[in-house]
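Notes for the structure review
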Amino acid sequence: MEAALSGGAGPRRRLAERLLDAIQREVAIALHRSAARQGRDPRQEVQDLVQEVLVSLFEHDARELRRWDPTRGRSLESFVRLVARRRVARVLGQRRGNPWTEGAVELEEGPDEDGLEERLEHRAELGEVLQALHAQMSPRDVELFELLFVQGLEPGEVAEQMQMSRGAVNAWSYRMRKQARAAARHVVDAAGSDPPPAGRTR
Amino acid sequence: MSDELLRRLGEDLAKRREAIDRGEGPPELVRPLDDEERRSVLDGAFARLESDAGGEDETFEDGTPEDEPQQDEAPEDDVPEPVAPVDESHTDEPEAGKDETPEESTQRPETSEKVVPLSAGERSISDDRPGSSLLPILGTVLAIAAAVLIWLGARERAPQTEPERVAALPSYTFTRVVAGDATHRSADDSIPEHVELTPDGRIELELRPAEPVREPVGVAIVARPAAGPPIVTRPSNGVEISANGAVRVRATLRDLVELRPGEWTLSLLVGAPERLPDGPAGLEVGPAPWRTLELRVTVLPPG
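Residues numbered from 1 in each chain as written. Chains lettered and ligands numbered in written order. Predicted model: local features only at pLDDT ≥ 70, side-chain atom pairs only at ≥ 80, totals over all residues. Heavy atoms only, no water.

**Points about the overall build of chain A**
When you go through chain A residue by residue, the secondary structure sums to nine helices and zero strands. For chain A, the residues scored as buried account for 60% of the 202 residues in total. For chain A, the proportion of contacts with a sequence separation of at least 24, taken over those separated by at least 6, is 71%. Carbon together with sulfur atoms contributes 45% to the accessible area of chain A, which is approximately 7900 Å² in total. (Helix = DSSP H or I, 4+ residues; strand = E, 2+ residues; numbered from the N terminus. Buried < 20%, exposed > 50% of the residue type's maximum accessible area, 1.4 Å probe, protein only. Contact = heavy atoms within 4.5 Å. Areas by Shrake-Rupley, 256 points an atom, 1.4 Å probe, with all protein chains shown as cover.)

**Digging into the nonpolar core**
Note that soluble globular proteins tend to have their nonpolar side chains buried in a common cluster. Membership of the largest hydrophobic core comes to 71 residues, with the highest contact counts inside it found for Ile23, Phe58, Leu65 and Phe145 of chain A together with Leu9 of chain B. With 10 residues, the single largest contributor to this core is helix α2 (residues 9-31) of chain A. If we skip the residues at most four places from it in the chain, phenylalanine 145 of chain A touches Leu130, His134, Met137, Val150 and Trp172 of chain A together with Leu6, Leu9, Gly10 and Leu13 of chain B. (Core = buried A, V, L, I, M, F, W, Y, C linked by side-chain atoms within 4.5 Å.)

**Describing the pattern of salt bridges**
The tally for this structure, following the rule as stated, stands at 35 salt bridges over all chains. One salt bridge connects arginine 25 of chain A with aspartate 21 of chain B, and the closest N-O pair in it is separated by 3.4 Å. Linking arginine 25 of chain A in helix α2 with aspartate 21 of chain B in helix α1 (residues 4-21), this pair reaches from one chain into another. The partner of glutamate 26 of chain A in a salt bridge is arginine 81 of chain A, and the shortest N-O contact between them spans 2.8 Å. A residue pair is termed long-range when its members are at least 10 positions apart, and glutamate 26 of chain A in helix α2 and arginine 81 of chain A in helix α4 (residues 76-95) qualify at 55 residues. The pair glutamate 26 of chain A / arginine 81 of chain A is uniform in exposure class, with both members buried. (Salt bridge = Lys/Arg side-chain N within 4 Å of Asp/Glu carboxyl O.)

**Points about helix α6 (residues 126-136) of chain A**
Buried residues dominate α6 of chain A, accounting for 11 of its 11 residues. Taken together, the buried positions of α6 of chain A are Leu126, Gly127, Glu128, Val129, Leu130, Gln131, Ala132, Leu133, His134, Ala135 and Gln136 of chain A.

**Details of the sheet that holds strand β5 (residues 218-225) of chain B**
Residue and element names in this part refer to chain B. One open sheet holds the five strands; their spatial order is β3-β10-β9-β5-β6, and the pairing between them is mixed. Here the strands that pair on one side only, and so sit at the sheet edges, are β3 (194-197) and β6 (231-233). When strand polarity is set aside, the average angle formed by the axes of neighbouring strands in this sheet is 25°. Taken together, the eight bridges between β5 and strand β9 (residues 262-271) define a ladder with antiparallel strand orientation. Its bridge partner lying in β9, glycine 218 is registered against glycine 271. (Pairing = 2+ DSSP bridges. Axes fitted to C-alpha atoms, helices over the stretch in contact; angles between N-to-C directions.)

**Details of unusual backbone geometry**
Residue and element names in this part refer to chain A. One non-glycine residue, aspartate 61, adopts positive backbone phi at about 55°. Tracing the sequence through the fold places aspartate 61 in helix α3 (residues 42-62). Positive phi is not limited to glycine here, since alanine 62 has a value of about 60°.

**Details of the pairing of strand β10 (residues 290-299) of chain B**
Residues and elements named next belong to chain B. The sheet contact formed by β3 and β10 spans four bridges and is parallel. What sits directly across from glutamate 196, in β10, is threonine 298. In this sheet, β10 lies alongside β9 in antiparallel orientation, the contact comprising 10 bridges. Directly across from leucine 266, in β10, lies its bridge partner leucine 295.

**Some remarks on the environment of glutamate 204 of chain B**
Structurally, glutamate 204 of chain B can be placed in strand β4 (residues 202-209). A relative accessible area of 3% means that glutamate 204 of chain B is categorised as buried. Taking the C-alpha atoms as reference, glutamate 204 of chain B lies 9.1 Å from glycine 238 of chain B; in sequence the two are 34 residues apart. If we ignore the near neighbours within four places in the chain, the residues touching glutamate 204 of chain B are Gln51 of chain A together with Arg48, Arg176, Val177, Val178, Val249 and Arg250 of chain B. Polar side-chain contacts of glutamate 204 of chain B include one of 2.8 Å to the side chain of arginine 176 of chain B. Looking at glutamate 204 of chain B, its side chain comes within polar contact range of the side chain of arginine 202 of chain B, at 2.9 Å. (Polar contact = N/O pair within 3.5 Å; in protein donor to acceptor, adjacent residues only side chain to side chain.)

**Focus on the packing of α2 of chain A against α1 of chain B**
Two elements in contact, α2 of chain A and α1 of chain B, have axes separated by 10 Å at closest approach and are oriented at 125°. With respect to α1 of chain B, the axis of α2 of chain A lies oblique. Crossing of α2 of chain A over α1 of chain B shows right-handed handedness. On α1 of chain B, the residues touching Arg25, Glu26, Ala28 and Ile29 of chain A of α2 of chain A are Leu13, Arg16, Arg17, Ile20 and Asp21 of chain B. Its residues placed into classes, the contact of α2 of chain A with α1 of chain B shows four nonpolar, no polar and five charged. (Parallel < 35°, antiparallel > 145°, perpendicular 65-115°, else oblique. Left-handed = near helix turned anticlockwise from the far one by under 90°. Nonpolar A, V, L, I, M, F, W, Y, C, P; charged D, E, K, R; others polar.)

**What about the confidence of the model for chain B?**
All names here are of chain B. Mean pLDDT over chain B works out to 68, with 56% of the residues at or above the 70 mark. Ignoring residues within four places in sequence, the model shows residues 154-164, a span with pLDDT below 50, making seven contacts including any to other chains. Reported confidence for the predicted complex is 0.73 by ipTM and 0.47 by pTM. (pLDDT = per-residue confidence, 0-100.)

**Concerning the packing of aromatic side chains**
Enumeration according to the criterion identifies three aromatic pairs over all chains in this entry. Residues phenylalanine 58 of chain A and phenylalanine 46 of chain B carry aromatic rings whose centres are separated by 5.8 Å and whose planes lie at 55° to one another, so their mutual orientation is tilted. With phenylalanine 58 of chain A in helix α3 and phenylalanine 46 of chain B in helix α3 (residues 35-54), the pair connects residues from two separate chains. The interplanar angle of 45° and the centroid separation of 5.7 Å between the aromatic rings of phenylalanine 145 of chain A and phenylalanine 149 of chain A together place this pair among those described as tilted. With phenylalanine 145 of chain A and phenylalanine 149 of chain A both in helix α7 (residues 139-150), this residue pair falls four residues apart, about one helical turn. (Phe/Tyr/Trp six-rings, centres within 6.5 Å; stacked < 30°, edge-to-face > 60°.)

Given below as structure tokens:
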């Protein structure tokens, strides 16, 4: 990668082209079920977002791309997908006027709503919550979320892999849990007040 | 409060990812980019990068700061801490630099790495020069003289009338226009007066002042049809203002203003935010307290 980045426009472009497919897959995941794409030409939307991610990777002399460290075990494509996930979430959030992308999050402790998860799942809005959450995440947040909740690793394993203490992983989980619930409330409130699924009492 | 919601979010993401990686999902999303699309994406990205590199002195306040490492690596304990009690296993998150990943440790804000404070015991080279003891006195005299000049200048200028306020704003020019797939830059001397695009077509405009503008500026858009009343909008998304008053607009046409197919004249008004119009009535002022740049747009039917 260093050779490509120091080799001028041609090698940089070839490197960018190599990353297109990985970026497109993340864009497709984000756009699938995303309310933000409604009314737009999906093909153009894919291209716009892929371009947006490419620019974020290569701008400022590829500062973001240079963060990739192969010694940490993640492939370049996998690293780029992490970057793409955050970037696309932020772009889509900004487009929807989503206050969650502005950085100022009110972590107000509301009542512990029974069935929040079911209400979200019932309305296929988990993707919206995840998008709101990703828009808030730092690179480390994305990586921790991936290891803990997507790959399902034990906190001890994650702590070791991320060179963190077990307590720090727990504290991160606690903070992320609150952010997720606040994001979920935001999505549910924004979608209206449909009743919870049948058979569920509150 | 358990991790149930996070677990479900993780499962949902894993399922969607597996499906997309298998090529399942809406074809318009998962079909790989064809050669022409790939070329278009790469051309657009590198044109933007080239343009941004040409204007490196301009740092836009909005739009991209979310990806600045300075924010990403802010200490975790910047996050407001909960009022709710935390059990023993929930220790505080690490301080900056502690338990951070190698990636993060190499991404400390550049500013903090580059600032080299002079300690009280250090002396500058000028301290050793003959007559250096006069420097503080000379500096004081110059500072007083500068303050008097500034005061005299301010007294002559204030209060400003509306035309004076406009005159105080330097002229603006388009330095970059992207409409759909076509890119035009002032360096190429090819800024067009007329562009064509669909409502969902991407439009990128850069407007730079003749000299830096230090006062806050905003942007309003006035779209005038061949016949009929104008449409006035104050776009909230897709507009970035640099510290020097340069303006960058990056959005789809629809995000800026909803226009039906046909011929339109798009005026970009740059001025003090509180003086820009919010509607057609706001255009009915005397000397306009803003700068105006115009672009003729043919809005093509969607698709």
